[in-house]
Protein chains: 2
Amino acid sequence: MQNIKVAVDAVVFGYFENKELHILLIKRNIEPFLDSWALPGGLVKNEETLEEAISRELHEETGVKTTFIEQLYTFGELDRDPRNRVISVAYLGLVNPKSYDLKASTDASDAQWFSINNLPNLAFDHLTIVTKALERLRTKIQYQPIGFNLLKTEFAFSDLESLYQSILGRDVDRRNFRKKIMSYNLLIETKNLRKEGSGRPAKLFQFNQEKYQSLEQQGFYFEV
Amino acid sequence: MQNIKVAVDAVVFGYFENKELHILLIKRNIEPFLDSWALPGGLVKNEETLEEAISRELHEETGVKTTFIEQLYTFGELDRDPRNRVISVAYLGLVNPKSYDLKASTDASDAQWFSINNLPNLAFDHLTIVTKALERLRTKIQYQPIGFNLLKTEFAFSDLESLYQSILGRDVDRRNFRKKIMSYNLLIETKNLRKEGSGRPAKLFQFNQEKYQSLEQQGFYFEV
DNA sequence: GCAAAAGTGTTTGCCTTACACCCATGA
DNA sequence: TCATGGGTGTAAGGCAAACACTTTTGC
């Protein structure tokens, strides 16, 4: 008789402007790995799909709802959880972290953003999952315009540029990058300027999601 | 109490030279979908990993062992199986079909190759899975040299060329394609010629897997 | 007027694409 | 010698990469 539990876990990335890429972790308040940091997630209920499960768990444990979420990989090794055989369907999510105040709930004693360059020890095989998620994100932002989910609705071009630099971990030529992105005509120029900080104020843009979706269906490929 | 079963299913592609791309299906000999064609697969045992499960099921049901297998996607909708909630971790496999005689075993009354252009009705949501596998294969052969798994160890250049044409569904310029592939220095020229059929005999090549793996680790990217 | 960040064009070279003829073999 | 598939080079254009100065604002 099969005795395997099915869980979902989410690697949710958040980007703080001009800072590093972060991921969302919760502090466990039950054994095993009591007080360790772990990915938000939990067992799937009998009457919900995997997508419903991950959205529910994420919201319950952290208060966050992602603007982008996709299935990443399913981890099914034998010894993932000391209690039971548990396979975990992992998801990759993106969100602008300033849109939410983190709230920890009953399932977790705390929820917090951690820089990917400074992660605590993680429970279970969650470091493996995070590594795979990062790899996927690095690959994917180069051929799908998903990075906008990490920014506010209105953003300056330099935000996009430093976002790409953070994720790819290398410099991007400002002029070439702008030329490339602009050539797709997927940004809507707003009338707003950002005047914070010093220097010349930056024009603010919005990503035209509808236009992208219609172009995509016609076989258009985004590429950085 | 969670009551969800975990299954694995494989979409195994095979290529018959100068013909179309095929997938491996089994004929079900139990309800539901008795006598329908379906993907090889079945429930995961408590003490085996997902990879072990898919290899075992595939071998039991068809006699085939793939030279390439990777996880594709996990399907977790509520109504996939009329008996129970079953989530299925799908795998994508590649094999040279001439390496095996298909044998049907106790779990299946028949196993057979079907052209992807002429599939029978499939059980469960297996058509969805096949569609996703095809999409992945089309994308992936363009940036990873996995197509060689569909050919014999020694193959003519024209085999590779028509393989790519079959999978991508479009013409490929013979000269440019050869130039590109050759530029990677990943083929070993054998001393053998293929004399079957008419016309000038073709030189036979082998793919240099070891060299590819070492290049890959150094950050090399294959691309067609 | 100076510090700080935003905004902007041009040139160069490489890589992709398009394209057609000769070669080796068997019948 | 003809039919069949195998094997090969070159030219043109488009695209990516490299590169530095001007503009706008706050102080």
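So, how was this worked out
- Residues numbered from 1 in each chain as written.
- Chains lettered and ligands numbered in written order.
- Predicted model: local features only at pLDDT ≥ 70, side-chain atom pairs only at ≥ 80, totals over all residues.
- Heavy atoms only, no water.
- UniProt positions renumbered as here; feature names shortened; annotations may be inferred.
- Helix = DSSP H or I, 4+ residues; strand = E, 2+ residues; numbered from the N terminus.
- Rg over C-alpha atoms; globule rule 2.2 N^0.38 Å.
- Buried < 20%, exposed > 50% of the residue type's maximum accessible area, 1.4 Å probe, protein only.
- Areas by Shrake-Rupley, 256 points an atom, 1.4 Å probe, with all protein chains shown as cover.
- Lys, Arg positive; Asp, Glu negative; His and termini not counted.
- Charge placed at Lys NZ, Arg CZ, Asp CG, Glu CD.
- Contact = heavy atoms within 4.5 Å.
- Salt bridge = Lys/Arg side-chain N within 4 Å of Asp/Glu carboxyl O.
- Polar contact = N/O pair within 3.5 Å; in protein donor to acceptor, adjacent residues only side chain to side chain.
- Nonpolar A, V, L, I, M, F, W, Y, C, P; charged D, E, K, R; others polar.
- Near = heavy atom within 4 Å.

An unreviewed UniProt entry lists chain A under the name 8-oxo-dGTP diphosphatase, from Soonwooa buanensis. UniProt annotates chain A under Sequence similarities (unreviewed entry) with the comment "Belongs to the Nudix hydrolase family."

1. What about the overall build of chain A?
Along the backbone of chain A there are five helices and ten strands. Compactness check: chain A gives a C-alpha radius of gyration of 19 Å against a globular reference of 17 Å for 224 residues, within 12% of the reference. Once the C-alpha set of chain A is aligned to its principal axes, its extents read approximately 60 × 40 × 30 Å. Within chain A, the fraction of its 224 residues that count as buried is 51%. Of the roughly 11,400 Å² of accessible surface on chain A, 45% is carried by carbon and sulfur atoms. Side-chain charges in chain A split into 29 positive and 31 negative, and the spacing between the mean points of these groups amounts to 7 Å.

2. Observations concerning the interface of chain B and chain A
Contact with chain B, which involves 24 residues of that partner, is made by 24 residues of chain A. At the boundary of chain B with chain A, the tally comes to zero salt bridges. For the interface between chain B and chain A, the tally reads 15 residue pairs in polar contact (both at pLDDT 80 or more). Counting only elements with at least two residues in the side of chain B that touches chain A, the list comes to strand E1 (5–15), helix H1 (50–62), strand E5 (68–75) and strand E6 (86–95) of chain B. Taken together, the residues of the side of chain B that touches chain A break down into ten nonpolar, seven polar and seven charged.

3. Here we look at the protein's contact with DNA strand C
In the neighbourhood of DNA strand C, 18 residues make up the surrounding shell, with Ser158(A), Arg174(A), Lys179(A), Lys203(A) and Lys180(B) lying closest. When the atoms of DNA strand C within 4 Å of the protein are sorted by group, sugar and phosphate make up 44%. Ser198(A) has a polar side-chain atom sitting 3.1 Å from a sugar or linking oxygen of DNA strand C. A distance of 3.4 Å separates a base nitrogen of DNA strand C from a polar side-chain atom of Lys179(B). Every element with two or more residues in the surface near DNA strand C is listed here: helix H4 (174–183) and strand E10 (202–207) of chain A together with helix H4 (174–183) of chain B. Residue classes in the surface near DNA strand C are distributed as three nonpolar, four polar and eleven charged.

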